[in-house]
Amino acid sequence: MSTTTTAPEVAVSAAASGQARPRVLSGIQPTADSFHFGNYLGALRQWVDLQEDYQPFFFIADQHAITVEQDPRLLRSRCLRAAAQLIAMGVDPRRSAIFIQSQVPAHAQLGWVLQCLTGFGEARRMTQFKDKSAKGGEGASSVGLFTYPILQAADILLYRPHFVPVGEDQRQHLELTRDLAQRFNRRYKKTFRLPEPYILKATAKILDLQDPTSKMSKSASSPGGIVEMLDEPTVSAKKIRSAVTDSDTVVRYDAEGKPGISNLLTIHSSLTGRSIDDIVAEYDGRGYGEFKKDLAEVVVDFVTPFRDRTLALLEDEQALADILADGTEQARAVADRTLADVYERVGFVAPRTR
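Residues numbered from 1 in each chain as written. Predicted model: local features only at pLDDT ≥ 70, side-chain atom pairs only at ≥ 80, totals over all residues. Heavy atoms only, no water.

Enquirer: Could you clarify how one ought to interpret the overall build of the protein chain in this entry?
Expert: The number of helices and strands found in the protein chain is 16 helices and 5 strands. The 354 residues of the protein chain split such that 48% are buried. Considering only intrachain contacts with a sequence separation of at least 6, the fraction spanning at least 24 residues in the protein chain is 75%. Carbon and sulfur atoms provide 50% of the accessible area of the protein chain, an area that totals close to 17,500 Å². (Helix = DSSP H or I, 4+ residues; strand = E, 2+ residues; numbered from the N terminus. Buried < 20%, exposed > 50% of the residue type's maximum accessible area, 1.4 Å probe, protein only. Contact = heavy atoms within 4.5 Å. Areas by Shrake-Rupley, 256 points an atom, 1.4 Å probe, with all protein chains shown as cover.)

Dropping the structure here:
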């Protein structure tokens, strides 16, 4: 999985030679009504920067979402809310294809071909299935959850991207993707590019406001521990002011000894772009109360325009539908070409028109 050429170097090289921008692909599941600070500050906001040098394909992974039970009405609503939030945070439909996974049938179609190349034991070793099935037991888990990483491989390979932004929890899935691409290329004919991991810049790890030893998470955090970006700004401000700290009122960064205030300093730095050292120096001798009050104002100033833009997009249903239709058209143009190559090489009979 290592490469001697970094993603930025490839992008600069392509731009200098007049070639098409290298492709990147990433997706997010529509399993919540709102993005939260954990996923936004930790990863999603970096999607915006990718538009500068790459050709991005960003999708709402609704097919992955139904590997566990979903309310159909909520799922539809959350797909649209996720798309609106991507645009509100700065993903530009003129530079990026934004689409819903299920609206590009080639994802599921290639997924089946790749399932037929994947060994049962190979799929069983995927740690995410082990983790997600641990709660209810393997017998209660769906086959879709078991084959989730293979559909994810299809998501990626369809677009023949140069790079895939990944966190540590997704590295194993990207390794499987590369293995399946190599297996297909050897068995049939070279068809797939082997995607490389795109190493994101150092990202902020945002912790639970009420339990700052745990990651901020929609599934694990209490309502008071998570900052939802579509909450009323006053609600978010109150959560910041009520965040757990410690008995020592000195504002300083110490992730081990003072996880609560350190988490709040990370949030402040992430939202303002200021260094933590600079912020600590500003609050020398001023205490937690003043710091949390000021941070609450920073949070309000940040989430208010994001929330307003998102809600305005959701109000204009036709405009949002048009953006998704354009993104779907771009995605299908690439995905269908890849699938046609795969079907021809596997030996499927091509459909004929009368």
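Enquirer: I keep staring at the confidence of the model for the protein chain and nothing clicks. Help me out?
Expert: Interpretation of the predicted coordinates at a detailed level should be avoided for regions scoring low in pLDDT. Residues at a pLDDT of 70 or more form 88% of the protein chain, whose mean pLDDT is 88. Mean pLDDT across the elements of the protein chain ranges from a minimum in helix 1 (residues 7-17), with 45, to a maximum in strand 3 (residues 97-100), with 98. For the stretch residues 1-18, pLDDT sits under 50, and the model shows 24 contacts to residues farther than four places along the chain or on other chains. (pLDDT = per-residue confidence, 0-100.)

Enquirer: Please explain the UniProt feature "binding site: L-tryptophan" (unreviewed entry) in the protein chain as it appears in this structure.
Expert: Per the UniProt record, "binding site: L-tryptophan" (unreviewed entry) is annotated on D155. In this structure, D155 sits in helix 10 (residues 148-157). Judged by its relative accessible area of 1%, D155 is buried. Those residues in contact with D155 that sit more than four places away from it in its chain are L25, F59, H64, Q101 and H107. Within the structure, D155 has its side chain in polar contact with the side chain of Q101 (distance 3.0 Å). (UniProt positions renumbered as here; feature names shortened; annotations may be inferred. Polar contact = N/O pair within 3.5 Å; in protein donor to acceptor, adjacent residues only side chain to side chain.)

Enquirer: I'm lost on the packing of aromatic side chains in this one. Help?
Expert: Centre distance and the angle of the planes are the two values used to describe a pair of aromatic rings. All chains considered together, the criterion is met by 15 aromatic pairs. Centre to centre, the rings of F184 and Y188 are 4.7 Å apart; their planes meet at 45°, and the pair counts as tilted. Given the relative accessible area of 0%, F184 is considered buried. When its relative accessible area of 32% is taken as the criterion, Y188 is described as partly exposed. The rings of F37, Y40, F302 and F306 are connected pair by pair, giving a single aromatic cluster. (Phe/Tyr/Trp six-rings, centres within 6.5 Å; stacked < 30°, edge-to-face > 60°.)

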